[in-house]
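Breakdown of the fold
Each chain is listed here by its residues.
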Amino acid sequence: MKKLGLVVLMLLTMASFVFAQADIGLKSIGGKVGFVMPEDPIESTIGLGVVADLGTITDAIHLDAFVEYWGKSYDVGLFEWSYTNITIGATAKYYFEMDSEFKPYAGGGLGFVIGSSSADYSGPNSEYFTDTSDSNTDIGFHFVGGADYELSDTMTGFAEVKYSLNGVDTFAIFAGVRFAM
């Protein structure tokens, strides 16, 4: 029992050193736009998002929150297909030390994913065909890599690639701007 108490005490001490450097709070907020490539059969599309810098856990690890949206509609024969995806999530990013104005990072995180799809038939004899729709919610995982570039004292530009594993797996390339609060 004494060993367990000693281990818990050591873990709490180490955690206090790690979180002593933490600076959590809303630091900046901005937007992003990107090219999203979902898995087949959905075709590539444009995605939009809002991102917020929530500060640092350590000097090198930053925490972001985001909301992303993409949708795609197209006709295939006599059917009109429509897909939408909204993700609300968080990303932990590790910033690499560089002697450069670019600040590269890599990271990953979790997201709450709300997806929907529908197929509408618009051809002859439509009374014999039913329109279908489906929606689901998932917990998704994602991996990012990118770089920040300070554009001014209050504005930071960024570009990143993102691979998301959820209801519809996607690969995306985003660029955006965050404004300091």
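Further up the page is the structure itself.
The following refers to the structure shown. (Residues numbered from 1 in each chain as written. Predicted model: local features only at pLDDT ≥ 70, side-chain atom pairs only at ≥ 80, totals over all residues. Heavy atoms only, no water.)

As for the sheet that holds strand β4 (residues 79–95)
Hydrogen bonding along the main chain pairs the strands of a sheet, whether they run parallel or antiparallel. Spatial strand order, β1-β2-β3-β4-β5-β6-β7-β8: eight strands in a closed barrel with antiparallel pairing. When strand polarity is set aside, the average angle formed by the axes of neighbouring strands in this sheet is 25°. Two strands pair when backbone bridges link them, and strand β2 (residues 45–56) and strand β3 (residues 61–76) are joined in this way by eight bridges, in the antiparallel orientation. Opposite A52, over in β3, you have A65 as the bridge partner. (Pairing = 2+ DSSP bridges. Helix = DSSP H or I, 4+ residues; strand = E, 2+ residues; numbered from the N terminus. Axes fitted to C-alpha atoms, helices over the stretch in contact; angles between N-to-C directions.)

Remarks on the nonpolar core
Where a protein is soluble and globular, its nonpolar side chains tend to be buried together. Listed in full, the seven residues of the largest apolar core are V36, I42, W70, Y74, Y83, A172 and F174. Of all the secondary-structure elements, those providing two or more residues to this core are β3 and β8 (170–180). Beyond its immediate chain neighbours, meaning those up to four positions away, A172 contacts F35, V36, E160, V161 and K162. Core analysis: the next-biggest nonpolar cluster, separate from the first, contains six residues, V51, F66, Y95 and V144 among them. (Core = buried A, V, L, I, M, F, W, Y, C linked by side-chain atoms within 4.5 Å. Buried < 20%, exposed > 50% of the residue type's maximum accessible area, 1.4 Å probe, protein only. Contact = heavy atoms within 4.5 Å.)

Some thoughts on the pairing of strand β5 (residues 102–121)
With 17 bridges connecting them, β4 and β5 associate as antiparallel partners. Looking at the pairing, Y83 lines up with S117 of β5. Hairpin geometry of β4 and β5 is characterised by an intervening segment of six residues between the two adjacent antiparallel strands.

Some remarks on the pattern of salt bridges
As enumerated under the stated definition, the model contains seven salt bridges in all. A salt bridge links K72 to E43, with the shortest nitrogen-to-oxygen separation between them at 4.0 Å. With K72 in strand β3 and E43 in the loop between β1 (23–38) and β2, this pair connects stretches of sequence that are 29 residues apart. Salt-bridge contacts for D64 lead to K93; the nearest nitrogen and oxygen are separated by 2.7 Å. Here K93 lies in strand β4 and D64 lies in strand β3, a separation of 29 residues in the sequence. Taking the relative accessible area as the measure of exposure, K93 reaches 3% and is therefore buried. (Salt bridge = Lys/Arg side-chain N within 4 Å of Asp/Glu carboxyl O.)

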